[in-house]
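Summary of structural features
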Amino acid sequence: MVHFTSEEKSIVSALWGKVNVEEMGGETLGRLLVVYPWTQRFFDSFGNLSSPSAIMGNPKVKAHGKKVLTSFGEAIKNLDNLKGTFAKLSELHCDKLHVDPENFRLLGNVLVIVLATHFGKEFTPDVQSAWQKLVSGVAIALAHKYH
Amino acid sequence: MSLTKSERAVIMSIWDKMSTQADAIGTETLERLFSSYLQTKTYFPHFDLHPGSPQLREHGSKVVAALGDAVKNINNVEVALTRLSELHAYILRVDPVNFKLLSHCLLVTLAAHFPADFTAEVHAAWDKFMSLVSSILTEKYR
């Protein structure tokens with residue numbers, strides 16, 4: 001299980017306070033679909049995913065991205081109980097959606113990169129380190145029901 | 001895996017921007033690597049890894065220079081990286097998983113330094129390029 005120091009918790013919450021969930025959620029999911037095109041297989045019903053600009057501008061991608069990033073917000077409120085927080089979503093992703101857990105790691109890293117583009121110098125190595133712990137913890141929690 | 005013409009153009013245009021801050025980018029990439037992935041320090045017991053250390057700066061500079069060689073020879077990256085491929089295979093024996101970690105930290109550094117330029121398309125091209133470089137550096141492992 002991932003353990004956060006109180007400093008890491010403050011780092012994560014402080015940055016989260018400045019995150020535009022709608023904008024950055026859409027961007028994160030969009031980039032996942034652009035950079036790792038095989039992930040598009042889970043989104044057949046989303047319409048036009050034929051080019052990077054189509055993907056980044058696709059309203060369904062933006063809406064779903066917002067949903068996904070909103071759940072990260074829940075994680076941040078419950079850093080000491082990620083497994084509990086994501087229990088239902090884990091069942092959904094594993095039993096119903098059949099998403100390979102590797103994709104949770106890919107999405108987490110894309111989120112880190114999106115944060116870097118938005119926060120620049122403020123996204124220092126220490127800040128990145130705390131967020132890598134978070135995305136790793138979320139990925140592990142989401143994969144939990146596979147075992 | 002091979003790079004398309006437009007991917008090569010994208011990679012080279014970002015390199016042109018990067019090269020003016022090559023040392024800073026190399027150093028920051030390594031700082032991020034050692035900060036987020038503590039286990040990577042195992043390959044550098046002989047280094048002072050504190051931020052600001054001259055060894056870190058020197059090594060970061062070396063890493064980015066090698067990437068520069070790869071970019072300048074983008075039509076034949078294997079040849080450009082032959083010596084480094086042998087070094088990593090026979091002498092350094094860095095576990096292949098670490099190339100993904102270093103690549104990720106480089107992309108984070110580029111994203112932080114060039115936010116307007118680091119679009120989804122550029123992100124994809126550089127991710128692919130780093131993946132190509134990593135596979136070349138590990139291709140002689142066995």
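Rules of the game
Residues numbered from 1 in each chain as written. Chains lettered and ligands numbered in written order. Predicted model: local features only at pLDDT ≥ 70, side-chain atom pairs only at ≥ 80, totals over all residues. Heavy atoms only, no water. UniProt positions renumbered as here; feature names shortened; annotations may be inferred. Helix = DSSP H or I, 4+ residues; strand = E, 2+ residues; numbered from the N terminus. Rg over C-alpha atoms; globule rule 2.2 N^0.38 Å. Buried < 20%, exposed > 50% of the residue type's maximum accessible area, 1.4 Å probe, protein only. Contact = heavy atoms within 4.5 Å. Axes fitted to C-alpha atoms, helices over the stretch in contact; angles between N-to-C directions. Parallel < 35°, antiparallel > 145°, perpendicular 65-115°, else oblique. Nonpolar A, V, L, I, M, F, W, Y, C, P; charged D, E, K, R; others polar. Core = buried A, V, L, I, M, F, W, Y, C linked by side-chain atoms within 4.5 Å. pLDDT = per-residue confidence, 0-100. Buried area = accessible area lost by both parts, 1.4 Å probe. Salt bridge = Lys/Arg side-chain N within 4 Å of Asp/Glu carboxyl O. Polar contact = N/O pair within 3.5 Å; in protein donor to acceptor, adjacent residues only side chain to side chain.

In the nomenclature of an unreviewed UniProt entry, chain B is known as Hemoglobin subunit zeta of Fukomys damarensis. Of the comments in the UniProt record for chain B, the one headed Function (unreviewed entry) reads "The zeta chain is an alpha-type chain of mammalian embryonic hemoglobin." Under Sequence similarities (unreviewed entry), UniProt gives the following word-for-word description of chain B: "Belongs to the globin family."

Chain A has the name Hemoglobin subunit epsilon-1 in an unreviewed UniProt entry, where Fukomys damarensis is given as its organism. One UniProt comment on chain A, placed under Sequence similarities (unreviewed entry), says "Belongs to the globin family."

Time to look at the overall build of chain A. Regarding its fold elements, chain A presents eight helices and zero strands. Moving toward the C terminus, one meets the helices and strands of chain A in the order α-α-α-α-α-α-α-α. In terms of overall size, chain A behaves like a compact globule, its C-alpha atoms giving a radius of gyration of 15 Å where 147 residues would be expected to give roughly 15 Å. Its C-alpha atoms put chain A at 45 × 40 × 20 Å along the principal axes. Per-residue burial over chain A gives 50% buried out of 147 residues. Taking as baseline every contact in chain A between residues at least 6 positions apart, the subset at least 24 positions apart corresponds to 74%.

Residue and element names in this part refer to chain A. Structurally, the position occupied by Ser-90 is in helix H6 (residues 87–96). Classification of Ser-90 as buried rests on a relative accessible area of 0%. Not counting residues up to four positions away in its chain, the partners in contact with Ser-90 are Ala-141, Leu-142, Ala-143, His-144 and Lys-145.

Quick look at the packing of helix H2 (residues 21–35) of chain A against helix H4 (residues 59–77) of chain A now. Residues and elements named next belong to chain A. Close contact between H2 and H4 brings their axes to 7 Å; oriented N to C, the two are set at 110°. Accordingly, the angle class assigned to the pair H2 and H4 is roughly perpendicular. Across the interface between the two elements, Val-21, Glu-22, Met-24, Gly-25, Gly-26, Leu-29, Gly-30 and Leu-33 of H2 pack against Val-61, Lys-62, His-64, Gly-65, Lys-66, Leu-69 and Thr-70 of H4. Residues belonging to the contact of H2 with H4 are distributed by class as follows: six nonpolar, six polar and three charged.

Let's shift gears to the nonpolar core. Across soluble globular proteins, nonpolar side chains show a tendency to be buried alongside one another. Of all hydrophobic cores here, the largest spans 87 residues; its most connected members are Phe123(A), Trp131(A), Leu134(A), Met18(B), Leu110(B), Trp126(B) and Phe129(B). In contact with Trp126(B), other than residues within four places in its own chain, are Val10(B), Ile11(B), Ile14(B), Trp15(B), Met18(B), Val71(B), Leu106(B), Leu107(B) and Leu110(B). Among the nonpolar cores identified, the runner-up in size contains nine residues, and Leu33(B), Phe34(B), Leu56(B) and Cys105(B) belong to it.

Let us now look at the confidence of the model for chain B. Here chain B averages 95 in pLDDT, and 100% of its residues register 70 or above. Predicted complex metrics record ipTM = 0.94 and pTM = 0.95.

This part takes up the UniProt feature "domain: Globin" (unreviewed entry) in chain B. Using the residue numbers shown here, the UniProt feature "domain: Globin" (unreviewed entry) corresponds to residues 2–142 of chain B. For residues 2–142 of chain B, the helix share is 70%, the strand share is 0%, and the end-to-end C-alpha distance is 22 Å.

For the rest of this paragraph, the subject is the interface of chain A and chain B. Of the residues lining the interface, 20 residues belong to chain A; the matching set on chain B comes to 19 residues. A buried area of about 1600 Å², summed over both sides, lies between chain A and chain B, and 58% of it is on carbon and sulfur atoms. In this assembly, chain A and chain B are joined by zero salt bridges. At the junction of chain A and chain B, the tally comes to twelve residue pairs in polar contact (both at pLDDT 80 or more). Of all the secondary-structure elements, those providing two or more residues to the side of chain A that touches chain B are H2, helix H3 (52–57), helix H7 (102–119) and helix H8 (125–143) of chain A. Looking at which element gives the most residues to the side of chain A that touches chain B, the answer is H7(A), with six residues. The residue inventory of the side of chain A that touches chain B, partitioned by class, reads eleven nonpolar, seven polar and two charged.

So, on to the side chain of Ser103(B). All names here are of chain B. Looking at the secondary structure, you find Ser-103 in helix H6 (residues 97–113). Since its relative accessible area comes to 10%, Ser-103 is described here as buried. Dropping the residues within four chain positions of it, Ser-103 is found in contact with Met-130 and Ser-134.

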